[in-house]
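One letter stands for each residue in the lines below.
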Amino acid sequence: MDALGIEEKAVQAQIENGVGRLTLNRPQALNALTTDMCREMAGTLSAWASDDRVRYVVLDHIGRAFCAGGDVRAAARSGRGDGEAAREFFRTEYRLNTLIKRFPKPIIALIDGVTMGGGVGISVHGSHRVSTEDTLFAMPETGIGLFPDVGGGWFLPRMAGETGTWLALTGERLKGADVRAAGLSTHHVATADLPALKAELLAGGDIDNILHRYDRPVGEPSFQEHLEAINRIFGKATLADIAIALKLEDSDWAQHQGEVLATRSPFSMSVTLRHLREGRRLQTFEEVMEMEFRLASRICQSHDFLEGVRAVLEDKDHSPQWLPQSIGCVSAHSVEALFQPLSRELYD
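Now for a look at the structure at hand. (Residues numbered from 1 in each chain as written. Predicted model: local features only at pLDDT ≥ 70, side-chain atom pairs only at ≥ 80, totals over all residues. Heavy atoms only, no water.)

Here's the deal with the packing of aromatic side chains
Within a pair of aromatic rings, the relevant descriptors are the distance that separates the centres and the angle that separates the planes. Under the definition given, this model contains 5 aromatic pairs. Both rings, one in Trp 154 and one in Phe 285, keep their centres 6.1 Å apart while their planes meet at 80°; by these two values the pair is edge-to-face. Of this pair, Trp 154 sits in helix α5 (residues 152-155) while Phe 285 is found in helix α14 (residues 285-299), placing the two residues 131 residues apart along the sequence. For the pair Trp 154 and Phe 285, a shared accessibility class is recorded, and that class is buried. By the ring-pair criterion, three or more aromatic residues cluster together here, those being Phe 89, Phe 90 and Tyr 94. (Phe/Tyr/Trp six-rings, centres within 6.5 Å; stacked < 30°, edge-to-face > 60°. Helix = DSSP H or I, 4+ residues; strand = E, 2+ residues; numbered from the N terminus. Buried < 20%, exposed > 50% of the residue type's maximum accessible area, 1.4 Å probe, protein only.)

Notes on the nonpolar core
One finds Leu 24, Ile 122 and Phe 305 to be the most contacted residues of the largest nonpolar core, which totals 84 residues. Among the elements that line this core, the one with the most residues is α14, at 8 residues. Counting 15 residues, the second largest nonpolar core, distinct from the first, contains Val 19, Val 58, Val 189 and Leu 202. (Core = buried A, V, L, I, M, F, W, Y, C linked by side-chain atoms within 4.5 Å.)

Re the pattern of salt bridges
Under the counting rule described, the total for this entry stands at 24 salt bridges. The partner of Asp 193 in a salt bridge is Arg 216, and the shortest N-O contact between them spans 2.8 Å. Taken together, the positions of Asp 193 in the loop between β10 (187-188) and α8 (194-202) and Arg 216 in the loop between α9 (207-214) and α10 (227-233) put the pair 23 residues apart, joining distant regions of the chain. Its relative accessible area of 35% is what places Arg 216 among the partly exposed residues. Taking the shortest distance from any N to any O, the salt bridge between Glu 278 and Arg 274 comes out at 3.3 Å. Taken together, the residues span about one helical turn, with Glu 278 and Arg 274 both in helix α13 (residues 266-281) at a distance of 4 residues. What makes Glu 278 buried here is its relative accessible area of 19%. Since its relative accessible area comes to 25%, Arg 274 is described here as partly exposed. (Salt bridge = Lys/Arg side-chain N within 4 Å of Asp/Glu carboxyl O.)

Here's the deal with unusual backbone geometry
Following Leu 323, the chain continues into Pro 324 via a peptide bond in cis, with omega recorded as -5°. With respect to the helices, strands and loops of the structure, Pro 324 is situated in the loop between α15 (303-314) and α16 (332-337). The backbone phi angle of Leu 30 is positive, close to 55°, even though this residue is not glycine. Tracing the chain through its elements places Leu 30 in the loop between β2 (19-24) and α1 (35-49). By relative accessible area, which is 27% here, Leu 30 ends up partly exposed. A positive phi angle, near 45°, is found at Val 150, a position not held by glycine. For Val 150, the location among the structural elements is in the loop between β8 (136-138) and α5.

Quick look at the sheet that holds β2
As summarised here, the arrangement of the 6 strands in space is β1-β2-β3-β5-β7-β10, forming an open sheet in which the pairing is mixed. Of all strands in the sheet, those bounded by a partner on one side alone are β1 (11-16) and β10. Looking at chain direction, strand β3 (residues 56-61) and strand β5 (residues 107-110) are connected through 3 bridges and run parallel. By the bridge assignment, Val 58 is partnered in β5 with Ile 108. Where α9 meets the sheet, its contacts fall on β3, β5, β7 (128-131) and β10, and the angle it forms with β7 comes to roughly 25°. (Pairing = 2+ DSSP bridges. Contact = heavy atoms within 4.5 Å. Axes fitted to C-alpha atoms, helices over the stretch in contact; angles between N-to-C directions.)

Here we look at the state of the cysteines
Within the structure shown, the criterion is met by 0 disulfides. Its sulfur unpaired, Cys 38 is 8.2 Å from the next cysteine sulfur, which belongs to Cys 67. You can call Cys 38 buried: its relative accessible area is 0%. (Disulfide = S-S within 2.5 Å.)

Thoughts on the environment of Lys 198
Residue position: Lys 198 is located in helix α8. Each C-alpha atom, one on Lys 198 and one on Asp 60, is 8.9 Å from the other, the two residues being 138 residues apart in sequence. Residues in contact with Lys 198, not counting those within four places in the same chain, are Arg 21, Asp 60 and Leu 110. Of the polar contacts made by the side chain of Lys 198, one reaches the side chain of Asp 60; its length is 3.2 Å. (Polar contact = N/O pair within 3.5 Å; in protein donor to acceptor, adjacent residues only side chain to side chain.)

This is the structure in structure tokens:
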């Protein structure tokens, strides 16, 4: 609420100087996306797609986080019941991701601050993403029994080598220039320059010229020294093969990666690896999103998702009791069952 007690909208939209501006305004929740926020953004973008007053869109935020993800606590509350509200959230969010991917005009997302999960989904599929030294990227879903959705099945397997597989399974965080070096942002700008950059964009200038002038070069990513191991190990056929290869690798880095995987949901990681391999094979973004909707529709009521949200976000004891507890006990049938068609698909 503002000083007058008027509740401010969680997504603010305005058109000025030929620019459509969408501002995420739920800072107390790190701008985590709700169904209503996704619906609001989708409705606005649908209108702006054919509105001659809008030449391009700027997506920014209020608060220190760009967007920390979707409101998975609400999804888990629904999942403990009939799951319908959770499925409606995923349906609305994934259709928004598709709209952004297919948007006919430039979308410039200013992703300084925390950008995770759903926040990645509303930025990475647009035409321009601007990172700063304050950007913190992650797809941490395997730590709560979910999978890297919001189009993760499209962009992660299309990153260089097996970098996307590594990020997806471990939930590893990339900071600052690493986000640009990994290809997740298209431009990298000094945090101190961001207000001036934003002002020029909102004044309706030439976006390519503006972004070029503020863009800062980045060197090799901090994980460069581990790229050979990432590509060799995370490119293996099965999760068990990856875990064994990490254990056999003679490096502190590999041992740490193995320790991280040991804390993640074995079922979620198994689904994720299958999801990324399938996503790499699929030809269209829409096919990937349809696959992800099948997965999300079912996994939102799974033991590991409900337990992961409890342990990490609700009780915060960070001691989830995964079922099954080990990679070797995950049945191929239980994973495959999530990929089967639904009676009502994403775009029905």
